[in-house]
There are 2 protein chains.
Amino acid sequence: MLKGRLGCSLLSSTRRTFITRVTVTHQQAPRSLSLARYSSQSGSNSGSNNSSSTGRKDSWRTMAESDISRYLQETHDRVFDHNRAWAAEQSKNDPEFFTKLSAGQSPDYLWIGCSDSRIPAEQITGLEPGEAFVHRNIANLVVNTDLNVMSVINYAVRHLQVKHIVVCGHYGCGGVKAAMTPKDLGLLNPWLRNIRDVYRLHEKELDAISDETARYDRLVELSVVEQCRNVIKTAAVQQSYAKNQFPIVHGWVFGFGDGLLKDLKVDHEAMLHGIQKIYNLTE
Amino acid sequence: MLKGRLGCSLLSSTRRTFITRVTVTHQQAPRSLSLARYSSQSGSNSGSNNSSSTGRKDSWRTMAESDISRYLQETHDRVFDHNRAWAAEQSKNDPEFFTKLSAGQSPDYLWIGCSDSRIPAEQITGLEPGEAFVHRNIANLVVNTDLNVMSVINYAVRHLQVKHIVVCGHYGCGGVKAAMTPKDLGLLNPWLRNIRDVYRLHEKELDAISDETARYDRLVELSVVEQCRNVIKTAAVQQSYAKNQFPIVHGWVFGFGDGLLKDLKVDHEAMLHGIQKIYNLTE
């Protein structure tokens, strides 16, 4: 059960969000929810089942509040429906699946990616449950005073002994764009400032790119490389690599346009040697 | 190309990890790598293609260093193979898929889950790309001084206007067990101490559970509820809820034994009222 209901203010303040959401889920029928279904069921806007965005927008405007509440209830419940179906399918395909999953984890990969909803790490990489330890934050940043990501790296390297650490950014990153906007974003300022610090380090190269989108995309790449550097600066990674020759740190960028991962071909060993004059922690 | 190669020390220091890894991936054939395949190709341990864990262990012991290096190279390359296949499949199923994905995100859900590799948030919930903004850290903690998770919540609520915030823990959480172990874990101590703080709040109830596994599982649940409380303590959530009646905060626990999500039925509104005597930030 939902523990709250929508007030009328929802209709004005979040209409855009809902409309876009419905547009996206419309592609995923029959699994996902459809706004048209709500309208026709409530009878408040019969005949509005056309598939144009205008039609959906009109449907939403005239929806009864109870329909909106029902939408929220179903977006809650559908997750449990999907989860039961997923669990049943796994058991059907391999009756021992969950027994083996219960036995423990031993992932080869640590994935440090963006929180952006469009980049489900396991799906785009084809990695199965048990294969990738995952940390996702805004703009896939690795900050040395951030106990959250530092704990993740420490545990992944020292306890799970991962073989690969992937920092994966993506073109069109909202966090990167927000960071370069001359606007006070409150609590987000100190987090996003790390991206401005990357810009500062590469100011000359970035200023020379006149096209704004191209400049942001290059900043995305440069930030990923800088975050790889930050991973390698940790004692855990330096000491493990000196002893075991792993983990290897990789910088990748995901493109929404084609769904492909681009390998920035970070040279782990050269990067390590490059930073160790100042950041050596192996002794 | 991998930027590093394995030294001999790998054989002793990480044998257990690799063996478990191979055991797990063995279930996933033909997509994943198989140790037996390496051994038979290298000829270093012919006849070792039996599927018992002992057989695999022996195979690993006698593998040539070049095989190990090749294993690492392939665990890198296979991600790109899978990614290309995934992208092609998406385009085949819906030629407009990536065009629509490029248009932006408007997720209904914020997922705060554990980094554990066995809980791919989108797979177990059936949520599609674009539906869930995701943060994952060790033991799915929400700490008020953690700029990382606080930025995620702030952005998700104020900018993406998510409707649901899910804190999802899991039974058998290594982080929870580690937190209750009387051992100095270095950098991990301050992060995991948050779990001990939850224990302290519920000491009487937990001490009364004699079975250790049952006690840990209950601590997992209590910690999830406490993290929900921490989410609700934020100004972003309180103010948005006062204005819009969302987001709704949920506490769930994933079970490896059956793959099912358990809804702890956190009462968002009651919890909000409960904390506002002290934590009210709505004005």
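Residues numbered from 1 in each chain as written. Chains lettered and ligands numbered in written order. Predicted model: local features only at pLDDT ≥ 70, side-chain atom pairs only at ≥ 80, totals over all residues.

**Let's talk about the confidence of the model for chain A**
All names here are of chain A.
In step 1: Looking at chain A as a whole, the pLDDT averages 81, with 77% of positions reaching at least 70.
In step 2: Confidence drops under pLDDT 50 across residues 1–62; counting only partners more than four residues distant or on other chains, this segment forms 93 contacts.
In step 3: What the predictor reports for the complex is a pTM of 0.82 with an ipTM of 0.82. (pLDDT = per-residue confidence, 0-100. Contact = placed C-beta atoms within 7 Å.)

**Some thoughts on the interface of chain B and chain A**
In step 1: Contacts between the two partners involve 93 residues from chain B, matched on the other side by 92 residues from chain A.
In step 2: By residue number, the principal contributor to the side of chain B that touches chain A is helix α5 (residues 65–93) of chain B, which donates 12 residues.
In step 3: Looking at the side of chain B that touches chain A, its residues break down into 35 nonpolar, 38 polar and 20 charged. (Helix = DSSP H or I, 4+ residues; strand = E, 2+ residues; numbered from the N terminus. Nonpolar A, V, L, I, M, F, W, Y, C, P; charged D, E, K, R; others polar.)

**Observations regarding the packing of helix α8 (residues 147–159) of chain A against helix α13 (residues 235–244) of chain A**
The relative placement of two packed helices comes down to the angle between their axes together with the axis-to-axis distance.
All names here are of chain A.
In step 1: The interhelical angle for the contact between α8 and α13, taken along N-to-C directions, is 20°, at an axis separation of 9 Å. It follows that α8 is roughly parallel to α13 by the angle criterion. α8 and α13 meet at a crossing whose hand is left-handed. Residues Ile-153, Asn-154, Val-157 and Arg-158 of α8 form the contact with α13, whose participating residues are Ala-236, Val-237 and Ser-240.
In step 2: Here the contact of α8 with α13 is built from residues that sort into four nonpolar, two polar and one charged. (Axes fitted to C-alpha atoms, helices over the stretch in contact; angles between N-to-C directions. Parallel < 35°, antiparallel > 145°, perpendicular 65-115°, else oblique. Left-handed = near helix turned anticlockwise from the far one by under 90°.)

**Some details on the relation of the copies chain B and chain A**
In step 1: Once chain B is rotated about the relating axis by 180° and shifted along it by 0.0 Å, it coincides with chain A to within an RMSD of 0.0 Å. On this basis, the relationship between the two copies can be described by a two-fold rotation axis. Of the C-alpha atoms belonging to chain B, the one lying closest to the rotation axis is found on Arg-136 of chain B, 2.8 Å away.
In step 2: Mapped onto chain A, 99% of the interface residues of chain B again fall at the interface, so both copies present the same surface. (Least-squares fit on C-alpha atoms with pLDDT ≥ 70 in both.)

**Quick word on the environment of Ala-85 of chain B**
In step 1: Mapped onto the secondary structure, Ala-85 of chain B falls in helix α5.
In step 2: Considered as a pair, Ala-85 of chain B and Arg-118 of chain B are 33 residues apart in the sequence and their alpha carbons are 22 Å apart.

**What about the UniProt feature "binding site: Zn(2+)" (unreviewed entry) in chain A?**
Residues and elements named next belong to chain A.
In step 1: UniProt tags Cys-114, Asp-116, His-170 and Cys-173 as "binding site: Zn(2+)" (unreviewed entry). Taken along the chain, the residues just named run across 60 residues; in space they keep tight, none of their C-alpha pairs more than 9.1 Å apart.
In step 2: With respect to the helices and strands, the residue Cys-114 is situated in strand β1 (residues 109–114).
In step 3: Ignoring sequence-local partners within four residues, the contact set of Cys-114 consists of Ile-119, Arg-136, Ile-138, Ala-139, Asn-140, Gly-169, His-170, Cys-173 and Gly-175.
In step 4: Note on placement: Cys-173 falls in the loop between β3 (164–170) and α9 (174–179).
In step 5: Excluding residues that lie within four positions of it along the chain, Cys-173 makes contacts with Cys-114, Ala-139 and Val-220. (UniProt positions renumbered as here; feature names shortened; annotations may be inferred.)

**Points about helix α8 (residues 147–159) of chain B**
Residue and element names in this part refer to chain B.
In step 1: The end-to-end C-alpha distance of α8 is 17 Å, a good match for the 18 Å that 13 residues give at a rise of 1.5 Å each.
In step 2: Of all 13 residues in α8, 11 are buried, a share of seventy percent or more.
In step 3: Among all positions of α8, only Leu-147, Asn-148, Val-149, Met-150, Ser-151, Val-152, Ile-153, Asn-154, Tyr-155, Ala-156 and Val-157 are buried.
In step 4: Among the residues trailing α8, Gln-161 stands out with phi positive, at a value near 50°. (Expected span 1.5 Å × (residues − 1). Buried ≥ 20, exposed ≤ 12 C-beta atoms within 10 Å, placed from the backbone.)

**Overview of the pairing of strand β3 (residues 164–170) of chain B**
All names here are of chain B.
In step 1: Along β3, seven of the seven residues are buried, which leaves the element largely enclosed by surrounding structure.
In step 2: Burial along β3 is two-sided: His-164, Val-166, Cys-168 and His-170 and Ile-165, Val-167 and Gly-169, pointing in opposite directions, are all buried.
In step 3: Across seven bridges, the pairing between β3 and strand β4 (residues 248–254) is parallel. Among the inter-strand pairings, His-164 is bridged to a residue of β4, identified as Ile-248. (Pairing = 2+ DSSP bridges.)

**What about helix α13 (residues 235–244) of chain B?**
All names here are of chain B.
In step 1: For α13, the set of buried residues is Ala-236, Val-237, Gln-238, Ser-240 and Tyr-241.
In step 2: Those residues of α13 that are buried lie in contact with α8, α12 (212–232), β4 and α14 (268–279).
In step 3: A positive backbone phi angle near 70° is found at Gln-245, which sits one or two residues after α13.

**Focus on unusual backbone geometry**
Residue and element names in this part refer to chain A.
In step 1: Omega for the peptide link from Phe-246 to Pro-247 comes to 5°, which places this bond in the cis form.
In step 2: Along the chain, Pro-247 falls in the loop between α13 and β4 (248–254).
In step 3: You will see that Lys-265, though not glycine, has its phi angle at about 50°, which is positive.
In step 4: By secondary structure assignment, the location of Lys-265 is in the loop between β5 (261–263) and α14 (268–279).

**Brief notes about the environment of Leu-187 of chain B**
In step 1: Within the secondary structure, Leu-187 of chain B is located in the loop between α9 (174–179) and α10 (188–201).
In step 2: Taking C-alpha positions, Leu-187 of chain B is 33 Å from Asn-280 of chain B, a pair spaced 93 residues apart along the chain.
In step 3: If we ignore the near neighbours within four places in the chain, the residues touching Leu-187 of chain B are Met-150, Ser-151 and Asn-154 of chain A.

**A short note on the packing of helix α10 (residues 188–201) of chain A against α8 of chain B**
In step 1: Where α10 of chain A contacts α8 of chain B, the two axes come as close as 9 Å, and the packing angle between them is 105°. Taken together, the axes of α10 of chain A and α8 of chain B are roughly perpendicular relative to one another. Judged by residue contacts, Leu-188, Pro-190 and Trp-191 of chain A of α10 of chain A engage Leu-147, Ser-151, Asn-154 and Tyr-155 of chain B from α8 of chain B.
In step 2: Its residues placed into classes, the contact of α10 of chain A with α8 of chain B shows five nonpolar, two polar and no charged.

**Quick word on the environment of Tyr-279 of chain B**
In step 1: With respect to the helices and strands, Tyr-279 of chain B occurs in helix α14.
In step 2: With 46 residues separating them along the chain, Tyr-279 of chain B and Lys-233 of chain B place their C-alpha atoms 6.1 Å apart.

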